[in-house]
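Chain residues, written in single-letter form:
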Amino acid sequence: MSPPSAPGEFERLLARLTGPPGPELSCEQCFEQLDRYVELELGGSDADSAIPGMRAHLEGCSACAEDHDSLCALLLSDAAEAGR
Ligand SMILES: [Zn+2]
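Keep in mind that this is a model prediction, so the values were computed, not measured.

Novice: Sorry, what's going on with the overall build of the chain here?
Specialist: Scanning the chain from N- to C-terminus turns up five helices and zero strands. When the elements of the chain are put in sequence order from the N terminus, they spell out α-α-α-α-α. The long-range share in the chain, meaning contacts at least 24 apart out of those at least 6 apart in sequence, stands at 64%.

If you want it as structure tokens, here you go:
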């Protein structure tokens, strides 16, 4: 096994394993940002860097993940109807 070649690579790997830096969202904060997050996500923007901590929260919180999924579905069906 050779050591990581690039300096900082170990830190990046560690950060990936322990989750993103930055503040962890509470369910309340998650709920407040969810609309914007889903809009960014569906619009093809980098929602994760716009709202750090959101993805980690959704992965760890099934209640908010469900809200996220139904909001996604709602916005997608709205978009489909508007496109008609
Ligand atoms: Zn939550």
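Picking up after the structure, the text goes on.
Novice: For this particular structure, what's the right way to read the confidence of the model for the chain?
Specialist: Atomic detail in the predicted coordinates should be set aside for any region of low pLDDT. Here the chain averages 86 in pLDDT, while 82% of its residues score no lower than 70. In the model of the chain, helix α1 (residues 9–18) stands out as the element of lowest mean pLDDT, 69, in contrast to helix α2 (residues 27–42), which has the highest, 96.

Novice: So what exactly am I meant to see when it comes to the packing of α2 against helix α5 (residues 62–82) here?
Specialist: Relative placement of two packed helices is described by the angle separating their axes and the distance separating the axes. Relative to each other, α2 and α5 sit at 35°, their axes nearing to 10 Å. As α2 packs across α5, the resulting crossing turns out to be right-handed. Across from C27, C30, F31, L34, V38 and L42 in α2, the residues of α5 making contact are A63, C64, D67, H68, L71, C72, L75 and L76. Of the residues contributing to the contact of α2 with α5, the split by class is 12 nonpolar, one polar and one charged.

Novice: Could you clarify how one ought to interpret α2 in this entry?
Specialist: In an α-helix, one turn spans 3.6 residues; hence positions three or four apart end up facing the same way. Over its 16 residues, α2 runs 21 Å from end to end, which matches the ideal 22 Å to within 8%, given 1.5 Å per residue. Within α2, the axis deviates most sharply at Q33, by approximately 50°. Buried within α2 are the following residues: C30, L34, Y37, V38 and E41. Considering only its buried residues, α2 is in contact with α3 (47–50), α4 (54–60) and α5. Positive backbone phi, at 85°, marks G44, one or two positions downstream of α2.

Novice: Is there a simple way to think about the nonpolar core in this case?
Specialist: Proteins that are soluble and globular tend to have nonpolar side chains buried together. By size, the foremost hydrophobic cluster in this structure holds eight residues: L25, C30, L34, Y37, V38, I51, M54 and L58. Per-element tally for this core: the top contributor is α2, with four residues. Apart from the residues lying within four places of it in its own chain, the contact partners of I51 are Q33, R36 and Y37.

Conventions adopted
- Sequence positions are assigned chain by chain, starting from 1 and proceeding in written order.
- Only residues with pLDDT of at least 70 are given local features in this predicted model, and only at 80 or more are side-chain atom pairs given and counted; all residues enter the totals for whole chains, interfaces and linings.
- Numbering of helices and strands starts at the N terminus; helices are DSSP runs of H or I of at least 4 residues and strands are runs of E of at least 2.
- Residues are treated as contacting if the C-beta atoms built from their backbones sit within 7 Å of each other.
- Per residue, pLDDT captures the predictor's confidence, and it can take any value from 0 to 100.
- An axis is simply a line fitted to the C-alpha atoms; with a helix, the fit covers only the stretch in contact. Between two such axes, the angle follows the N-to-C directions and lies from 0 to 180 degrees.
- Crossing handedness is read from the near helix: turned anticlockwise from the far helix by less than a right angle, it gives a left-handed crossing, and turned clockwise, a right-handed one.
- Throughout, the ten residues Ala, Val, Leu, Ile, Met, Phe, Trp, Tyr, Cys and Pro are labelled nonpolar, Asp, Glu, Lys and Arg are labelled charged, and all others, Gly among them, are labelled polar.
- Given a helix with a known number of residues, its expected span is that number minus one, times 1.5 Å.
- By definition, a residue's bend is the angle between the axes fitted to the seven residues ending there and the seven starting there.
- Once C-beta atoms are placed from the backbone, each residue is buried if 20 or more other C-beta atoms lie within 10 Å of its own, exposed if 12 or fewer, and partly exposed for counts between those two.
- Throughout this description, the term nonpolar core refers to a group of buried Ala, Val, Leu, Ile, Met, Phe, Trp, Tyr and Cys residues whose C-beta atoms join them within 7 Å.

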